[in-house]
Amino acid sequence: MAAHLSYGRVNLNVLREAVRRELREFLDKCAGSKAIVWDEYLTGPFGLIAQYSLLKEHEVEKMFTLKGSRLPAADVKNIIFFVRPRLELMDIIAENVLSEDRRGPVRDFHILFVPRRSLLCEQRLKDLGVLGSFIHREEYSLDLIPFDGDLLSMESEGAFKECYLEGDQTSLYHAAKGLMTLQALYGTIPQIFGKGECARQVANMMIRMKREFTGSQNSIFPVFDNLLLLDRNVDLLTPLATQLTYEGLIDEIYGIQNSYVKLPPEKFVPKKQGDGGKELPTEAKKLQLNSAEELYAEIRDKNFNAVGSVLSKKAKIISAAFEERHNAKTVGEIKQFVSQLPHMQAARGSLANHTSIAELIKDVTTSEDFFDKLTVEQEFMSGIDTDKVNNYIEDCIAQKHPLIKVLRLVCLQSVCNSGLKQKVLDYYKREILQTYGYEHILTLHNLEKAGLLKPQTGGRNSCPTIRKTLRLWVDDVNEQNPTDISYVYSGYAPLSVRLAQLLSRPGWRSIEEVLRILPGPHFEERQPLPTGLQKKRQPGENRVTLIFFLGGVTFAEIAALRFLSQLDDGGTEYVIATTKLMNGTSWIEGLMEKPF
């Protein structure tokens, strides 16, 4: 059991156990010793549901990364390929199988597609003459992976690009399948709300899937009261801004992958006297970040400016706890102190790590350039000078700052102004192409198609209406003891989270005008429950809403939703699901065309 998955209203260990059971059943089908050949992208997500110990129990003796040419030598009976259904991976698998030494012992091949089998891929294996070599060809429906007690992700890296640029709805189908799995484990969700074209399609798929399974009534008492499906393109602004929560900044600066972060090692060397000439470690320090760690759970969602005071308070508490040993006189007192020692040492280690991380982040956030960039972002988000060429962006291009940084800022300006005037847009495009190279014309085209960088049409900027009606900009934000979700961006309240907050209370009828301006339809569906399963809420009991971001979500938005869940008079607790955990940089990177 993973303790950090069961602290909330919804025990996500139930889902983790279900996917682990399915994995064990597949491994047991392949009797005898095994080697797994991994599609490298899958190793991170799989690590969250099954450690090596589980695989070892089922006779997995070796693990390799999927690479061209021959497979490494392994004295095993079964070779299992764990892969995403991608044609380019089928070519590598065929190469592996064909280069197998015919004179050696005969080995059985199996292939497990994650999350779905693909006829195209099987056809490619057939064309390459290896399809018959596989004894088991199955799918492993790892749609939603539990990351934390209130967080699930599909980790589908191309979902936004596929949906909004390529018109490929595969990831929406996987989202609907994942939601059906959740309903099978946690009961039918009585009400579905949604905003956006993709949200509408996922809801339609769910309703159709439910009709197809009419034979079996779901008799599980519903855990969720509502499902809110939200398209990422309803709120294109939020991911482009720099996140200012502790976890958000770690992700912005170092990138969090499958709840692990790699950090520069020099800050984590224990300082000992006389170590002056000692070699510094060169390998990055890898840390796991989730709410299993008490201190991280406390500070992850705070504005970074509020983290320092928490760390210094914790340092005083821990050193006072260690001083207690001098007061332990009797055997009983000493025994009690010793029993608390492992927890205290873990807390001290955790504090040391987070103090080092906070120092690393502070080096960035106190730099002049970070301040200048943040000032420009906040001006755009509060509606200042969004309709003309920005001097800071011009300087960034002239000094050839990283292209992604420039694109994030230009897109932010475009989104905050409902598109740019044609001559401003042409100027930016020309400057970017002349400075960074004409091969980026395809990237600019993608950004335009996604609605991130576009000319203003119709001549009317609808952003001030949206900003005012939804109170997206708050001037006097309290970062230390927040009273509103706008603390996560020090003034800007994420539009997506504001929509969720208003749906909960007073309801979307109060913002009909804004909902019509935002892209895509808004809708409500009811799923009838069998008699006896209707929920009677106790006085003071909060509703549980599952909010699904189609196209990705940032850690700042997650922090804002957790803030709403913890409000005494909020009335709603949120569980967050998404196609991908992302930030502005990884998002824009996913839309960039690689120059040939």
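Residues numbered from 1 in each chain as written. Predicted model: local features only at pLDDT ≥ 70, side-chain atom pairs only at ≥ 80, totals over all residues. Heavy atoms only, no water.

**Quick word on the overall build of the chain**
As a reminder, the rule being used: Note on conventions: DSSP H or I runs of at least 4 residues are helices, E runs of at least 2 residues are strands, and numbering of each starts at the N terminus. A radius of gyration in this sense is built from C-alpha atoms; the matching globule rule multiplies 2.2 Å by the number of residues raised to 0.38. Using a 1.4 Å probe on the protein chains alone, a residue whose accessible area is under 20% of its type maximum counts as buried, one over 50% counts as exposed, and one in between counts as partly exposed. We call two residues in contact whenever any of their non-hydrogen atoms come within 4.5 Å of each other. Here the Shrake-Rupley method, with its probe set to 1.4 Å, supplies the accessible areas, and only the displayed protein chains count as covering residues. By the counting scheme adopted, Arg and Lys are positive, Glu and Asp are negative, and His together with the chain ends is not counted. By convention, the charge on Lys lies at NZ, on Arg at CZ, on Asp at CG and on Glu at CD.
Helix and strand counts for the chain come out as 22 helices and 15 strands. Radius of gyration (C-alpha) of the chain: 26 Å, near the 25 Å computed for a compact globule of 596 residues. Overall size of the chain, expressed as C-alpha extent along the three principal axes, is 75 × 70 × 65 Å. Within the chain, the proportion of its 596 residues that are buried is 53%. The contacts in the chain between residues at least 6 apart in sequence include a share of 79% that link residues at least 24 apart. Summed over all atoms, the accessible surface of the chain reaches about 27900 Å², with 52% contributed by carbon and sulfur. One way to put it: in the chain the 74 positive side-chain charges average out to a point 3 Å from where the 77 negative ones average out.

**Structural notes on the state of the cysteines**
Cut-off, in case you're wondering: Cysteine sulfur atoms that pair up within 2.5 Å are treated as a disulfide.
Summed over all chains, the structure comprises 0 disulfides. Between Cys396, a free cysteine, and Cys411, which holds the nearest cysteine sulfur, the sulfur-to-sulfur gap is 14 Å. The thiol of Cys416 is not disulfide-bonded; the next cysteine sulfur, from Cys463, is found 6.3 Å away.

**Concerning the packing of helix 13 (residues 368-381) against helix 15 (residues 403-415)**
Definition in use: Convention adopted: a line fitted to C-alpha atoms gives each axis, helices being fitted over their contacting stretch, and angles between N-to-C directions are expressed from 0 to 180 degrees. Working rule for angles: under 35 degrees goes down as roughly parallel, over 145 as roughly antiparallel, 65 to 115 as roughly perpendicular, anything else as oblique. Helix crossings are classified by the rotation of the near helix relative to the far one: an anticlockwise turn of less than a right angle makes the crossing left-handed, while a clockwise turn makes it right-handed. Three residue categories are used. Nonpolar comprises Ala, Val, Leu, Ile, Met, Phe, Trp, Tyr, Cys and Pro, charged comprises Asp, Glu, Lys and Arg, and polar comprises the others, including Gly.
With their axes 9 Å apart at the nearest point, helix 13 and helix 15 run at an angle of 20° to one another. When the axis of helix 13 is compared with that of helix 15, the two are roughly parallel. For the crossing formed where helix 13 meets helix 15, the hand is left-handed. In this structure, helix 13 uses Asp369, Lys373, Val376, Glu377, Phe380 and Met381 to contact helix 15, whose residues at the interface are Lys405, Leu409, Leu412 and Gln413. Class assignment of the residues belonging to the contact of helix 13 with helix 15 gives a composition of 5 nonpolar, 1 polar and 4 charged.

**A closer look at the pattern of salt bridges**
Two side chains bearing opposite charge may form a pair once their charged atoms approach each other closely. This is how the line gets drawn: Each reported salt bridge corresponds to a side-chain nitrogen of Lys or Arg within 4 Å of a carboxyl oxygen of Asp or Glu.
For the structure shown, the criterion picks out 32 salt bridges. Glu298 serves as the salt-bridge partner of Lys314, at 2.9 Å between the closest nitrogen and oxygen. Of the two residues, Lys314 sits in helix 11 (residues 307-323) while Glu298 sits in helix 10 (residues 294-299), which places them 16 residues apart along the sequence. When its relative accessible area of 23% is taken as the criterion, Lys314 is described as partly exposed. On the accessibility criterion, Glu298 (37% relative accessible area) is partly exposed. In this structure, Lys421 and Asp387 form a salt bridge, with 3.9 Å as the shortest nitrogen-oxygen distance. Here the residue Lys421 occupies a position in the loop between helix 15 and helix 16 (422-436), and Asp387 occupies one in the loop between helix 13 and helix 14 (391-398), the gap between them amounting to 34 residues. Judged by its relative accessible area of 40%, Lys421 is partly exposed.

**What to know about a negative patch on the surface**
Which entries qualify depends on this criterion: Each patch is built from residues lacking any salt bridge and having more than 30% relative accessible area; the joining distance is 9 Å for like charges and 5 Å for nonpolar side chains (Val, Leu, Ile, Met, Phe, Trp, Tyr).
There is a patch of like negative charges on the surface, built from Glu25, Asp28, Glu59, Glu61 and Asp75. Tracing the sequence through the fold places Asp75 in the loop between strand 2 (60-65) and strand 3 (78-83).

**Some thoughts on the nonpolar core**
Using the following cut-off: Definition used in this section: a nonpolar core is a set of buried Ala, Val, Leu, Ile, Met, Phe, Trp, Tyr and Cys residues joined via side-chain atoms within 4.5 Å.
By size, the foremost hydrophobic cluster in this structure holds 166 residues, and its most contacted members are Phe46, Leu229, Leu452, Leu499 and Phe548. For this core, the element with the most residues is helix 15, which contributes 9 residues.

**Examining the environment of Tyr7**
Tracing the backbone shows Tyr7 in the segment before helix 1 (13-29). For Tyr7, a relative accessible area of 46% puts it in the partly exposed group. Taking the C-alpha atoms as reference points, Tyr7 and Asp148, 141 residues apart in sequence, are found 9.0 Å from one another.

**Focus: the sheet that holds strand 11 (residues 260-263)**
Heads up, the condition is: In short, DSSP must find at least two bridges between two strands for them to pair.
With antiparallel pairing, 3 strands are arranged side by side in an open sheet as 10-11-12. Strand pairing shows two members of the sheet lacking a second neighbour, strand 10 (256-257) and strand 12 (285-288), which therefore form its edges. Bridge count for strand 10 against strand 11 is 2 bridges, and the pairing is antiparallel. Bridge pairing links Gln257 to Tyr260 in strand 11.

**Describing the domain arrangement of the chain**
Buried accessible area, meaning the area lost when the parts come together, often serves as the stated size of an interface. As a reminder, the rule being used: Residue ranges for the domains originate in an automatic or database domain assignment.
Taken as a whole, the chain is organised into domain 1 (3-142), domain 2 (163-213 + 222-238 + 501-588), domain 3 (246-259 + 285-366) and domain 4 (369-461). For domain 3 versus domain 4, the distance between C-alpha centres works out to 39 Å.

**Some points on helix 13**
Spelled out, the test is: Helix span, as expected, comes to 1.5 Å for every residue beyond the first.
The first and last C-alpha atoms of helix 13 sit 20 Å apart over 14 residues, in line with the 20 Å expected at 1.5 Å per residue. Of all the residues in helix 13, the buried ones are Phe370, Lys373, Leu374, Val376, Glu377, Gln378, Phe380 and Met381. Where helix 13 is buried, its residues contact helix 9 (246-253), helix 12 (331-365), helix 14, helix 15 and helix 18 (463-469). Just beyond helix 13, the residue with positive phi is Gly383, at close to 90°.

**A closer look at the environment of Glu197**
Take Glu197: it is sitting in helix 8 (residues 197-212). Here the alpha-carbon distance between Glu197 and Gly520, two residues 323 residues apart in the chain, equals 4.9 Å. For Glu197, the contacting residues outside a window of four places in its chain are Asp231, Gly520 and Pro521.

**Quick notes on unusual backbone geometry**
Of all residues except glycine, most have a negative phi; of all peptide bonds, most are trans. For the bond running from Val114 to Pro115, omega is 0°, close enough to zero to count as cis. A cis geometry characterises the amide bond from Arg505 onward to Pro506, with omega recorded as 5°. With a phi close to 50°, Glu155 is a non-glycine residue in the positive phi region. Tracing the backbone shows Glu155 in the loop between strand 7 (151-153) and helix 6 (159-164). Phi angles above zero are rare outside glycine, and Ser490 is one such case at about 50°. Tracing the backbone through its elements, the reader meets Ser490 in the loop between helix 18 and helix 19 (495-504).

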